[in-house]
Amino acid sequence: MSATLLNAVWQGIIILVGGTFLGMVYKGLDRKLAAQMQGRIGPPLRQPFFDVVKLMVKENIVPDHAVAWLYNLMPLVSLAAVGTLLFYVPLGGFEPLLHGYGDLILVLYLLAVPSIAMVLGGFAAGSPFASVGAQRELVMMMAYEFPLAITLLSLGWYLSAAMPGVHVFSLSVLAANPLWGLVGPLGFIGLLLLFCALMIVTPAELAKIPFDIPEAETEIAGGILAEYSGRNMAMFYLADAIKMVVMGSLTVALFFPYGLSGLLGVAGAWGSVIDVIFYLVKVFVVIFFAVIVVRVAFARLKIGQAVRLFWLPITGISLLGMLLLTLDRIV
Amino acid sequence: MNNDSINLKVGQCAATTYSVPVGPVHPALKEPIRFTFNLDGERIVGVDIKPGFAHRGIEYMGMRRNLIQALYLSERICGICSISHPLAFTQAVENAAGIEVPPRAQYIRTIIGELERVHSHLLWAGVGAHELGFDTLLHLTWNVREKSMDLLEELTGNRVDYAIPIFSGVRRDVPAEKAHLAYEALDYYKGLLQQMIDAFLHDKSVEMRTRNVGALSYDLAVDLCAVGPTARASGVKKDVRQDMPYLAYADMEVKAITPEDFGTEPHGDVYDNIIVRLLEVKQSIEIIEFCLENLPSGELMSIPKVPALLATLKKASGEGLGRHEAPRGEVIHYVRLEEGIEEPAVWKVKAPTYSNLMAWVPKFLGDEIADVPIIAASIDPCMCCMDRVHMVDTVGNETTRMKEELVRLSREKTRRICG
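Residues numbered from 1 in each chain as written. Chains lettered and ligands numbered in written order. Predicted model: local features only at pLDDT ≥ 70, side-chain atom pairs only at ≥ 80, totals over all residues. Heavy atoms only, no water.

Topic: the overall build of chain B
Phase 1 of the analysis: Of regular secondary structure, chain B possesses 18 helices and 8 strands.
Phase 2 of the analysis: Summarising its shape, the C-alpha atoms of chain B cover approximately 65 × 55 × 35 Å along the three principal directions.
Phase 3 of the analysis: Within chain B, the proportion of its 419 residues that are buried is 57%.
Phase 4 of the analysis: Surface exposure of chain B reaches about 17400 Å², of which carbon and sulfur atoms provide 53%.
Phase 5 of the analysis: Here chain B carries 46 positive and 58 negative side-chain charges, and the mean point of each set is 6 Å from the other. (Helix = DSSP H or I, 4+ residues; strand = E, 2+ residues; numbered from the N terminus. Buried < 20%, exposed > 50% of the residue type's maximum accessible area, 1.4 Å probe, protein only. Areas by Shrake-Rupley, 256 points an atom, 1.4 Å probe, with all protein chains shown as cover. Lys, Arg positive; Asp, Glu negative; His and termini not counted. Charge placed at Lys NZ, Arg CZ, Asp CG, Glu CD.)

Some details on the nonpolar core
Phase 1 of the analysis: Judged by nonpolar contacts, the single largest core of 85 residues is most densely connected at B:Phe35, B:Phe37, B:Phe200, B:Trp360 and B:Phe364.
Phase 2 of the analysis: It is helix α12 (residues 270-293) of chain B that provides the largest number of residues to this core, a total of 12 residues.
Phase 3 of the analysis: Counting residues domain by domain, this core receives three or more from each of domain 1 (3-54 + 358-417) and domain 2 (58-353) of chain B.
Phase 4 of the analysis: Grouped together as the second largest cluster of nonpolar side chains are 69 residues, A:Tyr26, A:Val183, A:Leu250 and A:Ile303 included. (Core = buried A, V, L, I, M, F, W, Y, C linked by side-chain atoms within 4.5 Å. Domains from an automatic or database assignment.)

Things to note about the confidence of the model for chain B
Residues and elements named next belong to chain B.
Phase 1 of the analysis: On average, residues of chain B carry a pLDDT of 85, and 96% of them reach 70 or more.
Phase 2 of the analysis: The model gives residues 1-14 a pLDDT under 50, and that stretch makes 11 contacts with residues more than four places away or in other chains.
Phase 3 of the analysis: Two summary scores accompany this predicted model of the complex, namely pTM at 0.81 and ipTM at 0.73. (pLDDT = per-residue confidence, 0-100. Contact = heavy atoms within 4.5 Å.)

A look at the sheet that holds strand β8 (residues 346-350) of chain B
All names here are of chain B.
Phase 1 of the analysis: Spatially, 3 strands are ordered β6-β7-β8 in an open sheet, and the strand pairing comes out antiparallel. Two strands in the sheet have a free side with no partner beyond their single neighbour: β6 (318-326) and β8. Pairs of neighbouring strands in the sheet enclose a mean axial angle of 10 degrees, with direction left out of account.
Phase 2 of the analysis: Where strand β7 (residues 329-337) meets β8, 5 bridges bridge the pair, whose relative direction is antiparallel. The residue of β8 that forms the bridge with His333 is Val349. (Pairing = 2+ DSSP bridges. Axes fitted to C-alpha atoms, helices over the stretch in contact; angles between N-to-C directions.)

Let's talk about the interface of chain A and chain B
Phase 1 of the analysis: Each partner contributes to the interface: chain A provides 23 residues, whereas chain B provides 25 residues.
Phase 2 of the analysis: Between chain A and chain B, roughly 2200 Å² of surface is buried when both sides are summed, and carbon and sulfur atoms account for 57% of that area.
Phase 3 of the analysis: Viewed at the interface, chain B and chain A are joined by 1 salt bridge.
Phase 4 of the analysis: Put simply, B:Asp371 and A:Lys302 hold a salt bridge, and the shortest N to O gap is 3.0 Å.
Phase 5 of the analysis: Remark: the boundary between chain A and chain B carries 8 residue pairs in polar contact (both at pLDDT 80 or more).
Phase 6 of the analysis: At the level of secondary structure, the elements contributing two or more residues to the side of chain A that touches chain B comprise α5 (128-162), α8 (217-220), α11 (268-297) and α12 (303-330) of chain A.
Phase 7 of the analysis: Counting residues per element, the side of chain A that touches chain B draws most heavily on α5(A), which supplies 5 residues. (Buried area = accessible area lost by both parts, 1.4 Å probe. Salt bridge = Lys/Arg side-chain N within 4 Å of Asp/Glu carboxyl O. Polar contact = N/O pair within 3.5 Å; in protein donor to acceptor, adjacent residues only side chain to side chain.)

A few points about the pattern of salt bridges
All names here are of chain B.
Phase 1 of the analysis: Inspection of the entire model under this criterion finds 33 salt bridges over all chains.
Phase 2 of the analysis: In this structure, the salt-bridge partner of Arg43 is Glu368, at a minimum N-O distance of 3.7 Å. With Arg43 in strand β3 (residues 43-50) and Glu368 in the loop between α15 (360-364) and α16 (372-378), this residue pair connects regions lying 325 residues apart in the sequence.
Phase 3 of the analysis: In this structure, a network of salt bridges that share partners links the residues Glu114, Arg117, Arg232, Asp239, Arg241, Glu280 and Glu325.

Describing the sheet that holds strand β2 (residues 34-40) of chain B
Residue and element names in this part refer to chain B.
Phase 1 of the analysis: The strand order across the open sheet built from 3 strands is β1-β2-β3, with neighbouring strands paired in antiparallel fashion. The open sheet has two edge strands with one neighbour each: β1 (18-22) and β3. Across the sheet, the mean angle separating the axes of adjacent strands is 25 degrees when strand polarity is ignored.

As for the domain arrangement of chain B
Residue and element names in this part refer to chain B.
Phase 1 of the analysis: We note that the domain assignment places domain 1 (3-54 + 358-417) and domain 2 (58-353) within chain B.
Phase 2 of the analysis: Of note, the centres of domain 1 and domain 2, computed from C-alpha atoms alone, are 26 Å apart.
Phase 3 of the analysis: Each partner contributes residues to the interface: domain 1 has 25 residues there, and domain 2 has 32 residues.
Phase 4 of the analysis: Summing the contributions of domain 1 and of domain 2, the shared interface buries around 2400 Å²; its carbon and sulfur component is 62%.
Phase 5 of the analysis: Joining domain 1 to domain 2, the criterion identifies 2 salt bridges.
Phase 6 of the analysis: Linking Asp380 and Arg328 is a salt bridge whose minimum nitrogen-to-oxygen distance equals 3.4 Å.
Phase 7 of the analysis: If you look at where domain 1 meets domain 2, you find 8 residue pairs in polar contact (both at pLDDT 80 or more).
Phase 8 of the analysis: At the level of elements, α15, α16 and α17 (383-386) are the ones that each hand at least two residues to the side of domain 1 that touches domain 2.
Phase 9 of the analysis: Looking at the side of domain 1 that touches domain 2 element by element, the count peaks at 5 residues for α16.

Structural data, given as structure tokens:
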């Protein structure tokens, strides 16, 4: 028993360190590729690591007007929540560490925690810019959580209808039974629509352009993060990097859980290596199209425009996807 | 009438609003100025503008130096309009002293002035894109802008502060062997212009952020005496080059550009500002081409020796006004010379931003806090050009003078000057 526990602790540490490292690498790739697309040289790939080290040694300033305990606690909460997410999302084609102890619904809630932590931290900072940013973050959450929930729940519902008796909201079960093979033509279109909705929700969830409205550097000087510095800022930075991996892995697990090892006929350790590499490529492709290309190609939206976008077209797309999946099951 | 309606809007919501300061140091601002916004949620219901953070007392310094030294100072009023101020200043002094400028010099001044408009408008477009959170467009636009900076460096030796105009002419020639460089750059811009128009004016996300944002009606633009692209975006056909042609502009037909030239009704919003500035880049390219083709031969300065020039200026007395359509609008320099002194007796500069300052108020009202950066940028403000005065007492406390007192003070000053 204690051996299993020790094993789990070791695995947990490896997942946390590996996930963070991966997030930083993807962040570096994001900055480098975006720069290249904008005609700039861009920072070296290691820049995110330099940034975190630098932030760690910088002074951690707490504003005079801030509610200090809340202000200092929130970066920790945010980092802890995304760290926990790493244990629930399938990484590298393996089953999540805590599979069986929580499901997709928990992931949905955990995804909201970093945003709520940032909102509370923003309000606790006591600066008008941070307050405006926190209000905007709340509004953004109300806007994108609905299509996100519809997307995830539709997938779970379809699986429960197709394969009665399995633990349908478990991410490992969803990843083991890709829906593309189970659906008919109607359901295929429905799945495509849900995938589109998730891809558009991803930059909002990660607060990237065109949805970086709560941080909007030129408008509200960094918004929620305006007052954060030093160690606290580094924790938000790491949380952001890990969240990118989580969102990428979630999309991969829900829509592209396929591995290459079976196809190539390679088993054992080499098969795992091939699958891990393939997984890294898949996550990169998701991040590339959902985050990097989007943030290079668009201007920042205003909060009203973003909410209208999510409540009308995106919710519409995800509802239509759900409807098509339902019809596919019934017909 | 319009002022009343603005005040009414501010007063109505004053009870339920909270105020957010923007500036003097804020990422939305490229130069220091302070806005205090009264917000109702995200909506702006009132704004107070406080300039005066970049006042350097250049006029005062200029009045304690001889005219040629003051010319150097005039060039350093602004880093972006570093030819506009000297152009207006030299015209003012030449008018006061009755000095003729040879035709070739007038054409060269025009060429450099228009090149400055090209790079200034592209700079503005990039800044505007950045304020919208569209950094890709910023980097691409500024990359394109480099070509005009390169050409300016090739022609004058400097990227900024070109040191071209001097009283009675210009200091450097545009030699025939360099003309091909200019044509090359002009062709480059002609090829890119349609792409720029597509990137800015046919982009959905830019349109969403700029259409009906920071609108200024025709009537308000006229009432508030807006100048330059700010006024022209509202449909006011106002351009010094058209209304009172000077330099080489008298030899060609310059028409004030309004959104109607793009085939749309003028709203005076940020989108219209983009239209006007991009089309003016095209217009500037045509003007430069005309000047290069029709460049008259002849001398560069009517008084080529600097000591002789200084002696002439010292003997001169009288007053002169110099006007130039700077990229941001009309810049006016007023100079009074007195016989026997080398310094200008009076030097007064009115930069375009000063005239456009009041246009900010109706532009801001009713829009959202998210629109603040792009509306602030839409008049292409230049604080260091504009800041004329900053009142502090001996212990550093700031004071504000209201309109009545300022009118009284300026009347007193006029009487004092007129003796």
